[in-house]
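Single-letter residue listing:
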Amino acid sequence: MSTSARPLSVAVIGAGMAGRSHAAGYRNVNTVFGAGLPPVRLAAIADAHVALGEDAARRYGFEKALPNWEAVVEDPTIDAVSIVVGNDLHRPIAEALVAAGKHVLCEKPLAGSLADARAMAELERTAEVVTAVGYTFRRAPGIAAIRDHVRRGELGDLSLFSGRYWCDYATDPNGPLTWRFKGGPGSGALGDIGSHVIDVAEYVAGPITSVSGAALSTQIPKRPLPLGAVVGHQAAPVSDEVGAVENEDTASFTARFESGLVGTFSVSRTAFGLPNGLAFDVAGLGGRAAFDQHRPAEYLFDDAQPEVRTRGARQVIAGPNLPYFAGGVPMEAPGVGAANGDNFTYQARAFLDQVAGVAEPLPACATFADALRTMEIIRAVVTSSRTGGAAVDVPPAA
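Conventions we followed
- Residues numbered from 1 in each chain as written.
- Predicted model: local features only at pLDDT ≥ 70, side-chain atom pairs only at ≥ 80, totals over all residues.
- Heavy atoms only, no water.
- Pairing = 2+ DSSP bridges.
- Helix = DSSP H or I, 4+ residues; strand = E, 2+ residues; numbered from the N terminus.
- Disulfide = S-S within 2.5 Å.
- Buried < 20%, exposed > 50% of the residue type's maximum accessible area, 1.4 Å probe, protein only.
- Contact = heavy atoms within 4.5 Å.
- Axes fitted to C-alpha atoms, helices over the stretch in contact; angles between N-to-C directions.
- Expected span 1.5 Å × (residues − 1).
- Core = buried A, V, L, I, M, F, W, Y, C linked by side-chain atoms within 4.5 Å.
- Salt bridge = Lys/Arg side-chain N within 4 Å of Asp/Glu carboxyl O.
- Polar contact = N/O pair within 3.5 Å; in protein donor to acceptor, adjacent residues only side chain to side chain.
- Arc of directions from axis to C-beta.

Looking at the pairing of strand β7 (residues 158-166)
Pairing geometry for β7 and strand β13 (residues 277-284), over 8 bridges, is antiparallel. Paired with Phe161 across the two strands is Val282, which belongs to β13. Where β7 meets strand β12 (residues 262-268), 6 bridges bridge the pair, whose relative direction is parallel. The residue bridging Tyr165 from the neighbouring strand is Val267, located in β12.

Details of the state of the cysteines
Tallied over the full model, the rule gives 0 disulfides. Unpaired in this structure, Cys365 has its nearest cysteine sulfur neighbour in Cys106, at a distance of 12 Å. When its relative accessible area of 7% is taken as the criterion, Cys365 is described as buried.

Let's talk about the sheet that holds β13
Pairing is mixed in the open sheet, where 9 strands are placed in the order β16-β15-β14-β13-β7-β12-β11-β8-β17. Since the sheet does not close on itself, it has two edges, and those belong to β16 (314-317) and β17 (392-393), each with one partner. Strand direction decides the pairing type here: strand β11 (residues 250-257) and β12, joined by 7 bridges, are antiparallel. The partner of Ala251 across the bridge, within β12, is Val267. Sheet strands in contact with helix α9 (residues 368-386) are β8 (208-217), β11 and β17, and its direction is about 55 degrees off that of β8.

What about the sheet that holds strand β6 (residues 131-134)?
The strand order across the open sheet formed by 6 strands is β3-β2-β1-β4-β5-β6, and the pairing between neighbours is parallel. Only two strands of the sheet have a single partner each, and these edge strands are β3 (64-66) and β6. On average, each strand axis in the sheet is tilted by 25 degrees relative to the strand beside it, whichever way the strands run. As defined by bridge partners, strand β5 (residues 103-107) adjoins β6 across 4 bridges and the pair is classed as parallel. From the neighbouring strand, Glu107 faces β6, where its bridge partner is Gly134. Docked against the sheet, α9 engages β5 and β6, running at close to 45 degrees with respect to β6.

Focus on helix α8 (residues 340-356)
Over its 17 residues, α8 extends 24 Å from the first C-alpha to the last, a length consistent with the 24 Å expected when each residue adds 1.5 Å. Within α8, 13 of the 17 residues are buried, which leaves it mostly tucked inside the rest of the structure. With its phi angle positive at about 65 degrees, Gly357 sits one or two positions after the end of α8.

Digging into the nonpolar core
If you look at the biggest cluster of nonpolar residues, it comprises 88 residues, and the most contacted ones within it are Tyr26, Phe62, Ile143, Val211, Phe351 and Leu352. A per-element tally of this core places helix α7 (residues 189-205) first, with 10 residues. In this view, Val211 contacts Phe253, Thr254, Ala255, Ile377, Ala380, Val381, Ser384, Ala390, Ala391, Val392 and Val394; residues no more than four positions away in its chain are not counted.

Overview of the pattern of salt bridges
Under the criterion given, the structure shown has 21 salt bridges. Put simply, Asp281 and Arg164 hold a salt bridge, and the shortest N to O gap is 3.2 Å. With Asp281 in strand β13 and Arg164 in strand β7, the pair connects residues that are 117 residues apart, well separated along the chain. Residue Arg309 is joined to Glu307 by a salt bridge in which the shortest nitrogen-to-oxygen separation is 2.6 Å. The exposed category is assigned to Arg309, whose relative accessible area is 69%.

Side note on the side chain of Asp249
In this fold, Asp249 is placed in the loop between β10 (238-244) and β11. Separated by 3.0 Å, the side chain of Asp249 and the backbone nitrogen of Ile220 make a polar contact.

Comments concerning helix α4 (residues 90-99)
Along α4, the positions that sit buried rather than exposed are His90, Ile93, Ala94, Leu97 and Val98. Angular distribution of buried residues about the axis of α4 spans 125 degrees; they occupy a single face of the element. At its buried positions, α4 is contacted by β1 (8-13), α3 (69-74), β4 (80-83), β5, α5 (114-126) and β6. Just downstream of α4 lies Gly101, where phi reads positive at about 80 degrees.

If you want it as structure tokens, here you go:
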């Protein structure tokens, strides 16, 4: 599709925590970066929880709320859609949207099963629309800057990668048994938050070729059943009846990269006091860098200074010199902040840049094939955990 004055009509399927982030991103896309993107029509937010959908539509200026995703598929005026619902629903919704000629931005993980993810990647091969996956942390200025340091050789040959995503959203044993706690090994903390840190690792340090030493554990094996709809990780009324947690609260493993680099990973949704603890360190023979999402407007960088006495990690404050910052915030000055919400705006803009075919687009979003690869790595981690930590090869990138 070529750039034109015709508005791009967008919709979001799912009005929960992440769905609202997508909605806010679409609302803001024409406030950032260059001109050239057509006007954006905020058409609809769909959710089976009608009141939740109506509230999200009101908050973010969408024209209407719809009671189901099928209504989005059937609306011929809608061009592009974000899928932000339970993982098991991703495949049928994506297939229906693509068949209807709509562009698709799907949340991670790509699907509820590896078979569904493979089917979606195959769908992408023949699709005549843009298909993309929401690996939002690729848009963090600090992470993108660290990737640039690595690609320019400023850290030297890499010698270590250590990544972690520690969260506390599941520390309460009275938290309701939602869909996030079902689906079998690999679909818990690994699929929910591990998919992000795995993608960041490959984004920064290159392809992973094998994993080993994997261990999965569940700290809270049973949870009470909810009495009604649950939004995101929020507390909700629960019954006296409990059900079994089917997947992992915590996972750790080691990975070998194509370059020979070895990395260590750990993820947890039961790490007290850490609301959104994505962090990583990457070291080379000539420098090192570190990022922590709890301090998203900065990163640490260290290299060989001319004098030993001045060496040490330096705090780099996000500013116009970093990716996405220039043109991406209202006040283009160092130290005015950059946060998770901005990443969703940049992601939505990149997706619509692809859809509209703008002249100078942002870097393209991850593809269904990229997200299938993450799930292949997760499957290898689960296999390693079931075989006493044995090394398991990861299929090569397509």
